[in-house]
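# Understanding the architecture of this molecule
Now for the letters of each chain:
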Amino acid sequence: MSSVGKGVASASIGKILQGRGYSVTAVKADPYVNVDAGTMNPTEHGEVFVTNDGDETDQDIGNYERFLDAELSSTNYMTTGRVYLSVIEKERNLDYRGKCVEVVPHIPEEIIDRIKKAAEKNKAEITIIEVGGTIGEYQNILFLEAARMMKLENPGDVIFVLVSYLPIPSKVGEMKTKPTQHASRGLNSAGIQADFIICRSEKTLDTPRRERLAIFCGIQKDHAVSAPDVSTIYEVPLNFEKEHLSDKILKSLRLPMGKKRNMEDWKKLVNTIKNSRQTVKIGIVGKYFRTGKFTLIDSYISVIESLKHAAWYHKHKLDVHWIDSQDFEDNASTVKKLAQYDGILVPGGFGSRGVEGKIRAIKFVREHGIPYFGLCYGMQMATIEFARNVANLKNANTLEVDPKTPHDVITINKTQRSNIEMKKYGGSMRLGAYRCKITPKSLSAVAYQEKIVSERHRHRYEFNNKYRKILEQHGMRFTGICPDNDLVEIVELTNHPWFVGVQFHPEFKSRPLRPQPLFREFVRASIRHKRKK
Ligand code: GLN
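Presented here is a report on the structure given in the accompanying data block. None of these values were measured; they are calculated from a predicted model.

## Points about the site of the ligand
The full set of residues close to the ligand is Gly348, Gly349, Phe350, Cys376, Tyr377, Gln380, Glu400, Arg458, His459, Arg460, Tyr461 and His505. Here a nitrogen atom of the ligand sits 2.8 Å away from a polar atom, N or O, in the main chain of Arg458. A distance of 3.1 Å separates a nitrogen atom of the ligand from a polar side-chain atom of His505. Among the elements of the structure, helix H16 (377–389) and strand S16 (452–459) are those that each provide at least two residues to the shell around the ligand. Considering only residue class, the shell around the ligand consists of four nonpolar, five polar and three charged.

Shown next as structure tokens:
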């Protein structure tokens, strides 16, 4: 079934093989026809993760980057749409030399080609390929066909891992293997025999069930891997290694056993996660919040993970709360409730819904000295709030929300304007890594301890340099500037304990053992604020 944890399982397998000294990369193959995830609503798809080279990908790429501590690129991600698009482009260029181009084999061949390119580009000895979707559905069948063909061509070099859910029905109280047996057979009908089965369940897998799975799914008994629910996903690689999974995979791939297992730093991390007693309470103010908890977490996964990494760094537990900015529009006085938080974060966003509520929230935290961290739209909103309420620029706004504003403190350049006019929406925002020069003696300089940093972008609108001077005169600092195009990347406030807005998305670069510097300092300021309260 979906949401069973394929992404975390793939990333964790990568992690344990890395722990054995292998260089590993991971590829996500998504069945949908969209060329990338950029045109999908977060409530449809979850977060859009952005790579250094500006690809708008599935959130699983984020999991891979966090687990493998790697920087991946567009080679690590493909969709049905992307595969078809390149096959059709090749056909138009006569690359198939007059042949009839067919779904099979040309589509699977293109998929295999892309997998090989990913392995080469990332100099990987082992490549994990995660096929999105579920067994038995129609949509991912060509990815499975590619997988089958790959194994046929390289029998010793390819293994298959099925991630399956074993339910424990509450009325029955015991773990059921039948759905997994069906899944395994479904896989067989696509010409694929699983070598391993990751058994996701509430509880650990016992011996009788291992034996059943071995018999009915045709795997070795010790290739049914127990994967019970965990309190933190970062425990999954450790659990896999309790079952010596890296040994077993290396053996199946006929690879040398490599280094002795080394997961010490992760063990320490998981210890910290489990044993931190103090909490830091962060409020996230945004929209997309009225769709239920599940999509909510998925929509902001990198932001939440970054906050967690930072909290763990300070030996705290993260207590995160969702605050729907529309509430502040319906009833302005409710904004007072923000006083209970140790820090407030406004994440990225698009469109006008909830915007005035965000601005109200930012005014409150600015006036009450509550640590504030604005990401992308959160930076743009902070600028608008400051322009309106401190610099007296009446009705200041972003052109995205109010095309007729007298003060477009957030504006749009010619290229982006024509993209919109020509409806060229896909892959056309300012995307991927840009350099940012940090002003000495700023909050950002304290955080980064570097003069030039690189961060990833995903937006169309920009701070309007026309307003730099007047906002500066009122106490806003522009402490991060892109040296290549003179665009504002970071704004800060003087007369406030910690108020930072960034045009980029720092959440894409945080790692469990290496929190992103601004997140780390935001959480530090929030802990300080909590102690003072
Ligand atoms: N909507 C804003 C823009 O396009 C901000 C985008 C974002 O927050 N990712 O510029």
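## Here we look at the sheet that holds strand S1 (residues 24–30)
With parallel pairing, the three strands of this open sheet are ordered in space as S4-S1-S5. The sheet is open, and its two borders are formed by strand S4 (77–79) and strand S5 (126–131), each paired with just one other strand. The average angle at which neighbouring strand axes cross in this sheet is 20°, direction not considered. Where S1 and S4 come together, three bridges link them in parallel fashion. Directly across from Asp30, in S4, lies its bridge partner Thr79. Here helix H1 (residues 6–18) sits on the sheet and contacts S1 and S5; the angle it forms with S5, its principal contact strand, is near 175°. Contacts from helix H4 (residues 80–92) reach S1 and S4 within the one sheet, and its direction differs from that of S4 by about 80°.

## Some details on the nonpolar core
Counting residues in each nonpolar core, the largest one holds 46 residues, and the members touching the most others are Ile13, Leu17, Ile198, Tyr234, Phe240, Leu245 and Ile249. The element best represented in this core is H1, accounting for six residues. Residues within four places of Leu17 in sequence aside, it is in contact with Tyr22, Val24, Ile126, Ile128, Ser246, Ile249 and Leu250. Of all hydrophobic cores here, the second largest spans 41 residues; its members include Phe328, Met381, Ala391 and Phe478.

## Thoughts on the packing of aromatic side chains
Both the distance between ring centres and the angle between the ring planes are used here to describe each pair of aromatic rings. Under the definition given, this model contains twelve aromatic pairs. Here Phe373 and Trp498 contribute two aromatic rings whose centre-to-centre distance is 5.6 Å and whose plane-to-plane angle is 80°, an arrangement assigned as edge-to-face. Taken together, the positions of Phe373 in strand S12 (residues 372–375) and Trp498 in the loop between strand S19 (488–493) and strand S20 (499–502) put the pair 125 residues apart, joining distant regions of the chain. Take Phe373: its relative accessible area is 0%, and that puts it in the buried class. Here the aromatic rings of Phe373 and Phe522 are separated by 5.5 Å at their centres, their planes lie at 40°, and the arrangement is tilted. Of this pair, Phe373 sits in strand S12 while Phe522 sits in helix H20 (residues 517–532), and the two are 149 residues apart along the sequence. Assigned by exposure class, Phe373 and Phe522 land together as buried.

## Regarding unusual backbone geometry
Omega for the bond connecting Val104 with Pro105 falls within 30 degrees of zero, at 10°, which places this linkage in the cis form. By the element assignment, Pro105 lies in helix H5 (residues 103–121). Even without glycine at this site, Ser3 takes up a positive phi of about 60°. Note on placement: Ser3 falls in the segment before H1.

## A short note on the packing of helix H15 (residues 355–367) against H16
Running from N to C, H15 and H16 point in directions that differ by 70°, and their axes come no closer than 9 Å. On the basis of their axis angle, the class for H15 and H16 is roughly perpendicular. Remark: the crossing between H15 and H16 carries right-handed chirality. Contacts from Val355, Glu356, Lys358, Ile359, Ile362, Lys363 and Arg366 in H15 reach Tyr377, Gly378, Met381, Ala382, Ile384, Glu385, Phe386, Arg388 and Asn389 in H16. A per-class count over the contact of H15 with H16 returns eight nonpolar, two polar and six charged.

## Observations concerning the sheet that holds strand S14 (residues 408–411)
Strand order in the open sheet formed by three strands is S13-S14-S17, and the pairing between neighbours is mixed. Sheet topology places strand S13 (397–398) and strand S17 (462–463) at the edges, where each strand pairs with a single neighbour. Of the strand pairs in this sheet, S13 and S14 are connected by two bridges, and their pairing is parallel. From the neighbouring strand, Thr398 faces S14, where its bridge partner is Ile410.

## What about the pattern of salt bridges?
All chains considered together, the criterion is met by 41 salt bridges. Notably, a salt bridge pairs Asp60 with Lys28, separated by 2.9 Å at the nearest N-O pair. Taken together, the positions of Asp60 in helix H3 (residues 59–68) and Lys28 in strand S1 put the pair 32 residues apart, joining distant regions of the chain. Across the salt bridge formed by Lys90 and Glu110, the nearest N and O atoms sit 2.5 Å from each other. With Lys90 in helix H4 and Glu110 in helix H5, this residue pair connects regions lying 20 residues apart in the sequence.

## Regarding the environment of Asp195
Note on placement: Asp195 falls in the loop between helix H7 (178–189) and strand S7 (196–201). The class of Asp195 is partly exposed, set by a relative accessible area of 21%. Considering only alpha carbons, one finds Asp195 and Phe160, 35 residues apart in sequence, at a separation of 5.2 Å. If near-sequence neighbours (up to four positions away) are discounted, Asp195 is found in contact with Lys151, Val158, Ile159, Phe160, Ile219 and His223.

## Here we look at the packing of H5 against helix H6 (residues 141–153)
Contact pair H5 / H6: the axes reach a minimum separation of 9 Å and the direction vectors enclose 70°. Classified by the interaxial angle, the pair formed by H5 and H6 is roughly perpendicular. Counted together, Val103, Val104, Pro105, Ile107, Pro108, Glu109, Ile111, Ile112, Ile115 and Lys116 of H5 and Leu142, Phe143, Glu145, Ala146, Met149, Met150 and Glu153 of H6 form the full contact between these two elements. Across the contact of H5 with H6, the residue classes break down as 13 nonpolar, no polar and four charged.

## Regarding H6
Here H6 contains 13 residues, and its C-alpha end-to-end distance of 18 Å stays within 8% of the 18 Å for a straight helix at 1.5 Å per residue. Here H6 has its buried residues at Leu142, Phe143, Leu144, Glu145, Ala146, Ala147, Met149 and Met150. Its buried side turned inward, H6 meets S1, S4, H4, H5 and S5.

Criteria and thresholds
- Residues numbered from 1 in each chain as written.
- Predicted model: local features only at pLDDT ≥ 70, side-chain atom pairs only at ≥ 80, totals over all residues.
- Heavy atoms only, no water.
- Near = heavy atom within 4 Å.
- Polar contact = N/O pair within 3.5 Å; in protein donor to acceptor, adjacent residues only side chain to side chain.
- Helix = DSSP H or I, 4+ residues; strand = E, 2+ residues; numbered from the N terminus.
- Nonpolar A, V, L, I, M, F, W, Y, C, P; charged D, E, K, R; others polar.
- Pairing = 2+ DSSP bridges.
- Axes fitted to C-alpha atoms, helices over the stretch in contact; angles between N-to-C directions.
- Contact = heavy atoms within 4.5 Å.
- Core = buried A, V, L, I, M, F, W, Y, C linked by side-chain atoms within 4.5 Å.
- Buried < 20%, exposed > 50% of the residue type's maximum accessible area, 1.4 Å probe, protein only.
- Phe/Tyr/Trp six-rings, centres within 6.5 Å; stacked < 30°, edge-to-face > 60°.
- Parallel < 35°, antiparallel > 145°, perpendicular 65-115°, else oblique.
- Left-handed = near helix turned anticlockwise from the far one by under 90°.
- Salt bridge = Lys/Arg side-chain N within 4 Å of Asp/Glu carboxyl O.
- Expected span 1.5 Å × (residues − 1).

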